[in-house]
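# Summary of the model geometry
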Amino acid sequence: RGPGGCRGGRKDMALRCAAWLAAGRQPRCPRLPPPAREGTVRRSSAAKASAVKITEKASREKILTLESMNPQVKAVEYAVRGPIVLKAGEIEKELRKGIKKPFTEVIKANIGDAHAMGQRPITFLRQVVALCTYPNLLDSPSFPEDAKKRARRILQGCGGNSLGSYSASQGINCIREDVASYIERRDGGVPADPDNIYLTTGASDGIATILKILVSGGGRSRTGVMIPIPQYPLYSAAISELDAIQVNYYLDEENCWALDVNELRRSLNEAKAYCNPKVLCIINPGNPTGQVQNRKCIEDVIHFAWEEKLFLLADEVYQDNVYSEGCQFHSFKKILYEMGPEYYNNVELASFHSTSKGYMGECGYRGGYMEVINLHPEIKGQLVKLLSVRLCPPVSGQAAMDIVVNPPIPGEESYSQFIKEKESVLNNLAKKAKLTEDMFNKVPGIHCNPLQGAMYAFPRIFIPSKAIEEAKTHKMAPDMFYCMKLLEETGICVVPGSGFGQREGSYHFRMTILPPVEKLKILLEKVKDFHIKFLEKYA
């Protein structure tokens, strides 16, 4: 059956083989060696068996096992893509195989992935990235001139005028200039230096990088990192990986998840007994809690950081996602500047933004930036060195970030369509935030604080003691048990509050509000029906 054999070769060879078979003879191909004699075959089989035994004897234990792996990596947990999401994936496979369930689809409300939930991309952003990716389109009349102008500027900043080239480790210079200009506009003229801007692979990359350079010491001098509870699990995961010390401070659920400086002080003072707290992380607007901090709260936090000599990390990726009347986003950078030179020239602050949230929802591009101010000049060099190890963030993500900070302006060709799309997304999110809050608060045993911002609800759920006991038999946290039952009975995938942290004895889950309104209504009705049945079953 090789080249020239019966299957692919001459027709006469095929006919000859057929004749041999009809005569009861073994067909032979002239291109292959003659068949081995019977004894040879037996010896070959014995040799193979011996080789298998040798291989079995030679096999050894794996070098990398759960016992030998890096214990810090093993300690990492990331609830947003944890066990319940893996279970959801298994159920999806079963549905595709035709296995009957009490539902027809899995609704993944566990993660803030806007486009996966049906949100349409912003046209202008995609046009510019398309032009950068395939510059031949710059000659097409199908693209507006303001998009072409931005694409040309980005490409001129790329090596070889190509998005496929590496950029500087800190990011493309003209994009960092655009980020600085955006920050100045956002903050009412507060100066921003492009040299303090670092383009990143999403905000997560910047947060992990800054934490990496901050963590040091051993024993009681090991770096402590103060994080809000509930928190976004990126923080606890990064702290575990770096073998730093997690220092929890609790948000006030009874006061719409407000941040209380007295709680910060309690947390800090207790932590000083076993570590060196030197980092304070703030998420504003909050994830998973959705609160928007007011100006007075931010001033109090900055004063606390200045007083206690803490490095401030301000996670501001939801800065466009503010819905409640009377709420307004204030950047930590702006408030710090307005508090005067004693604060502005001394408090070390890293703030983060991303293409993934807001009205853009461009999670897959992994675009982001961080602005770091008041960094020691020698540390600045160390930070650039650390960033250079990963060469550069994705250049397509940098291009997407540029459009977030340099969108169409009044008078430009694309402005009217851009502003219409942006406002449509944000207005729709505001509507869904109110709908979610109202519907949850009508369900006995569920309480949901106002969703002031971001894109999640984090309702408190009552779990009866009988259900808590059953959860223990399954070696699950009570809210994990609840969420697993919700998934198995309704197909709705949400994340248990224990994955974000919560006060002892309280239970929650996080759910995104991103699904389309009609699907969100169905989802909320299903949660309501499930919760009522759950309470009846375990009463």
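If you look the protein chain up in an unreviewed UniProt entry, it shows as alanine transaminase from Rynchops niger. Its UniProt record gives the protein chain a comment under Sequence similarities (unreviewed entry), which states: "Belongs to the class-I pyridoxal-phosphate-dependent aminotransferase family. Alanine aminotransferase subfamily."

Here the focus is the packing of aromatic side chains. Scanning the model with the defined rule gives 14 aromatic pairs in all. Geometrically, the ring pair formed by tryptophan 306 and tyrosine 343 is tilted, given 5.1 Å between the ring centres and 50° between the ring planes. Of this pair, tryptophan 306 sits in helix α11 (residues 295-308) while tyrosine 343 is found in helix α13 (residues 341-344), placing the two residues 37 residues apart along the sequence. Classification of tryptophan 306 by relative accessible area gives partly exposed; the value is 31%. Looking at tyrosine 343, the relative accessible area reads 13%, which means it is buried. For the pair phenylalanine 481 and tyrosine 538, a centre-to-centre distance of 6.0 Å together with 75° between the ring planes defines the contact as edge-to-face. Of this pair, phenylalanine 481 sits in helix α18 (residues 478-490) while tyrosine 538 sits in helix α19 (residues 517-538), and the two are 57 residues apart along the sequence. On the basis of relative accessible area, phenylalanine 481 is assigned to the buried category, the value being 3%. Taken together, the ring pairs in this structure connect Phe440, Phe481, Tyr482, Phe509, Phe530, Phe534 and Tyr538 into an aromatic cluster. Above the ring of tyrosine 456, the side-chain terminus of arginine 510 is found at 3.8 Å from the ring centroid.

Cut-offs and rules
- Residues numbered from 1 in each chain as written.
- Predicted model: local features only at pLDDT ≥ 70, side-chain atom pairs only at ≥ 80, totals over all residues.
- Heavy atoms only, no water.
- UniProt positions renumbered as here; feature names shortened; annotations may be inferred.
- Phe/Tyr/Trp six-rings, centres within 6.5 Å; stacked < 30°, edge-to-face > 60°.
- Helix = DSSP H or I, 4+ residues; strand = E, 2+ residues; numbered from the N terminus.
- Buried < 20%, exposed > 50% of the residue type's maximum accessible area, 1.4 Å probe, protein only.
- Lys NZ or Arg CZ within 6 Å of the ring centre and 35° of its normal.

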